[in-house]
Amino acid sequence: GIAISTVGFLSQSMLTAPRVYFAMAQDKLFFKQVALVHPRTRVPIVAIALQGLLAIVIAFWNKYEEILNYVVSMDFIFFGLTAASLFVFRRRQTETGETEQTTRVPGHPVTTLLFIAVSWAVVINTIYRYPSNTLIGVAILLAGVPAYWFWSRSNQK
């Protein structure tokens, strides 16, 4: 079960992360070559190759458990924040007078609050049990801040 879950998660992340790099490159927030798409298939080939290269480097650099811990802690922070955004969207709908709910969630708000609590409990547990691995995840996340700052400043010129 763990192997199947891991392959499913890797499949999802290996397919979505390159599209983030691609969109950043299109917005001039990353190397422009990363926005290159294959002429026939229209897939972002440089972004996919970059993601594959990064995955190989990380796989050779650390043990599976270490990688899992720093990825899980960062992912679950954003899973919880994504769920919390439902409350923001609902409040905005109420403030604008919209009566139709565009975002339907069974059992909301109870299930949403439960999901947020569980997500952040996973994060707290990971920080408690594997603080150094969590710090690696935070460092990788924070490395994006100066990168974003650099590219956004260079585009203003």
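Counting restarts for each chain: residues are numbered from 1 in the order of the written sequence. A pLDDT threshold of at least 70 governs which residues receive local features in this predicted model, and a stricter bar of 80 or more applies before side-chain atom pairs are shown or counted, although totals over entire chains, interfaces and linings include all residues. Side-chain figures throughout are based on the complete set of non-hydrogen atoms in the structure, without hydrogens or water.

1. What about helix α5 (residues 131-155)?
Then, number 1: The terminal C-alpha atoms of α5 lie 37 Å apart, and with 25 residues this matches the ideal 36 Å at 1.5 Å per residue to within 8%.
Then, number 2: Burial classification: accessible surface area is computed with a 1.4 Å probe over protein chains only, and a residue below 20% of its type maximum counts as buried, one above 50% as exposed, and the rest as partly exposed. Counting from the N terminus, the helices are the DSSP runs of H or I reaching at least four residues and the strands are the DSSP runs of E reaching at least two. Of the residues making up α5, those classed as buried are Asn 133, Thr 134, Gly 137, Trp 151 and Ser 152.
Then, number 3: Looking at the packing, one finds that the buried side of α5 touches α3 (64-96) and α4 (110-129). Any helix carries an expected span of 1.5 Å times its number of residues minus one. Any two residues whose heavy atoms approach within 4.5 Å are treated as being in contact.

2. Some points on unusual backbone geometry
Then, number 1: Look at the link from His 108 to Pro 109: it is a cis peptide, with omega at 10 degrees.
Then, number 2: Structurally, the position occupied by Pro 109 is in the loop between α3 and α4.
Then, number 3: Even without glycine at this site, Lys 28 takes up a positive phi of about 60 degrees.
Then, number 4: Of note, Arg 42 is a non-glycine position whose phi angle comes to about 60 degrees, a positive value.
Then, number 5: When you line up the elements, Arg 42 lands in the loop between α1 (2-26) and α2 (45-61).

3. Section: the packing of aromatic side chains
Then, number 1: Stacked, edge-to-face and tilted are the three classes for Phe, Tyr and Trp ring pairs, Trp counted by its six-membered ring, which pair at centre distances within 6.5 Å; planes under 30 degrees apart are stacked, over 60 edge-to-face, the rest tilted. Enumeration according to the criterion identifies six aromatic pairs in this entry.
Then, number 2: Ring geometry for Phe 30 and Phe 31: centres 5.3 Å apart, planes at 50 degrees, overall tilted.
Then, number 3: Judged by relative accessible area, Phe 31 falls into the partly exposed class, the value being 47%.
Then, number 4: For the pair Phe 31 and Trp 151, a centre-to-centre distance of 4.9 Å together with 85 degrees between the ring planes defines the contact as edge-to-face. Here Phe 31 is found in the loop between α1 and α2, whereas its partner Trp 151 is found in helix α5, with 120 residues between them in sequence.
Then, number 5: By relative accessible area, Trp 151 is classed as buried at 14%.

Any functional reading would require information that these geometric values do not contain.
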